[in-house]
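# Inside the fold
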Amino acid sequence: LALKQDKKVKRKLDTKILPIHDISKVIPRIPWSNLTENDIRSFSQLHKTRFKFSDIVTNDDKSIDRAVKGLFQYGILFVTSTPTEDGGAGVAALASALSGPAHKSSPETTLLAHYLHCKEKKKLDETYDSKPLSILERGSDGPQRTMYGNIWSTNVSQMSGGQSVADSAYGNDALPLHTDFAYFRDPPGLQIFTMVSDSETGGESIFADGLAVAEYMRSNHPKEFDILCRTMRRYRSLDNETGWHLEGTGPIIEAIDLWQNCRLPESTKLKESRWGAVVGIRHNDLDRMPDLPRHFDVSEEGFDAKFYNDLHRAHAVWNNLLSSDEFRLVIKLKPGETMVVSNQRCLHGRYSFETSTSSIRAIIGCYVSQDDLESRFRWMMKGVCTFN
């Protein structure tokens, strides 16, 4: 009897605790395409993803709750009036506001409360006003520490000694659409970009919704969609100067495998019914290693021509879609403007740019772990994201 009661209790609890990919059954994820810079700035579309920095960090009109929901649904946020001369304290506070624990009242544990506490002290104490805002070093939330530090800058002169700059972002060449840290076992969940100073020529930022591209492939290129879902790709970052050697694997399109634990014979399964919800995107051709078939043999007989031909065709379809204006949002960010990007869903890139002594393009930003992001999504399911 006790065992039966335990099973009833477990079933009752399970109906209230959905996996992250099942939240969309209650709060739908909304793929987006055909967006322009004017759409973002004019509120005509994606109005649920545009916020002022001060509204989010002070949670004015429940802005944090609305921002977290918009982030889950669309995968991006456009934030205006972000401070850029505070050593990254504002960016760190924004990361804290959108992720980690829902309780944000303690200045000793959460970066958001610490940021607001310091801002208040500056108003009340004239001697304190001259001090720079600090970032809580031992907080329980905020930026994820990576090889680039907590807060990074694309201006190398602003980076601390020992931080890696082994990335194409530290140049002025164009960058194709990609997700960051494909070479991590679990890539960051969020990336925050804040424009500090822009170049006079070029440097437009590019964004794309990987979910929209993946769903388009599912409908229009089902064979190629299947290939990109089931083929594991390999990625590497090697920095000899600082000693980092990172490698990660995963499919470009991560989707729920409905065949998992299915006992039907392979011959009776329909490929079109294999893949459920898309839960992640991992793509960076600049860090991708050579592809290998699942059962690779270095002998000539082991060369699998069909594997490479099929994968080449599927990858070409993917890259062609990413090159299409339909899926590319191009925006010239101004100083103080921020894009918050779901790194396991949306891709980003940029146009090339020219620099001069009077025009140096510089962006500051940070990452947030996928675990910290999903923690807030789960509170969103319960109807509230933040407890002040």
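Quick summary incoming for the structure in this document. For every chain, the first residue of the written sequence is number 1, and numbering continues from 1 along that sequence. With the structure being a predicted model, the display of local features is reserved for residues of pLDDT at least 70 and the display and counting of side-chain atom pairs for 80 or more, all residues being used for whole-chain, interface and lining totals. As a rule here, side-chain values come from all non-hydrogen atoms in the structure, and water together with hydrogens is ignored.

## Structural notes on the overall build of the protein
Helix and strand assignments follow DSSP, with helices taken as H or I runs no shorter than four residues and strands as E runs no shorter than two, numbered in order from the N terminus. Counting secondary structure elements, the protein contains 11 helices and 16 strands. The buried label applies to any residue whose accessible area, calculated with a 1.4 Å probe on protein chains only, is under 20% of its type's maximum; exposed applies above 50%, and partly exposed to all values in between. Looking at the 388 residues of the protein, the share that counts as buried comes to 49%. Of the contacts formed within the protein by residues at least 6 apart in sequence, a portion of 77% connects residues at least 24 apart. Of the roughly 20000 Å² of accessible surface on the protein, a fraction of 51% belongs to carbon and sulfur atoms. Contacts are residue-level and defined by heavy atoms, with any inter-residue pair within 4.5 Å sufficient. Here the open area of atoms and residues is found with the Shrake-Rupley method and a 1.4 Å probe, where only the protein chains shown may cover a residue.

## Comments concerning empty space enclosed by the protein
Grid spacing is 1 Å over the protein atoms alone, the probe is 1.4 Å, and a cavity is where that probe fits but cannot get out, while a pocket is an open set with protein on both sides within 12 Å along at least five of seven lines and lining residues have an atom within 4 Å of a point. Grid points are joined across faces, edges and corners, and a volume is the space filled by probe spheres set on the points. In the structure shown here, the tally under the stated rule is 1 cavity of 30 Å³ or more. Computed from the structure, the largest cavity encloses a volume of approximately 40 Å³. Lining the largest cavity, in full, are Ala-89, Ala-92, Ala-93, Leu-111, His-114, Tyr-115, Ser-134, Ile-135 and Leu-136. When residues of the lining of the largest cavity are traced back to their parent elements, those giving at least two are α5 (89-97) and α6 (111-124). Classifying every residue of the lining of the largest cavity by side-chain character gives 7 nonpolar, 2 polar and no charged. For this scheme, ten residues count as nonpolar: Ala, Val, Leu, Ile, Met, Phe, Trp, Tyr, Cys and Pro. Four count as charged, namely Asp, Glu, Lys and Arg, and the remainder, Gly too, count as polar.

## A word on unusual backbone geometry
Generally, phi is negative for residues other than glycine and the peptide bonds are trans, each holding for most cases. Here the phi dihedral of Asn-34 falls at roughly 55 degrees; this positive angle occurs in a residue that is not glycine. For Asn-34, the location among the structural elements is in the loop between α1 (2-14) and α2 (37-42). Although it is not a glycine, Lys-62 adopts a positive phi angle of roughly 55 degrees. Assignment of secondary structure puts Lys-62 in the loop between α3 (53-58) and α4 (63-74). You can call Lys-62 exposed: its relative accessible area is 60%.

## Details of the sheet that holds strand β7 (residues 205-209)
Only when DSSP finds a minimum of two bridges between them are two strands counted as paired. Spatial strand order, β4-β14-β7-β12: 4 strands in an open sheet with antiparallel pairing. Edge positions in the open sheet fall to β4 (175-178) and β12 (329-331), since each of these has one partner strand only. The sheet shows a mean angle of 15 degrees between the axes of neighbouring strands, taken without regard to direction. The pairing of β7 with strand β14 (residues 346-350) spans 5 bridges and is classified as antiparallel. Bridge pairing in β14 places Phe-207 opposite His-348. Sitting on the sheet, helix α8 (residues 210-220) touches β7 and β14, and the angle it makes with β7 is about 45 degrees. Angles here are taken between N-to-C directions and fall from 0 to 180 degrees, while the axes themselves are lines fitted to C-alpha atoms, restricted in helices to the stretch in contact.

Functional significance is not addressed by these values, which are geometric in nature.
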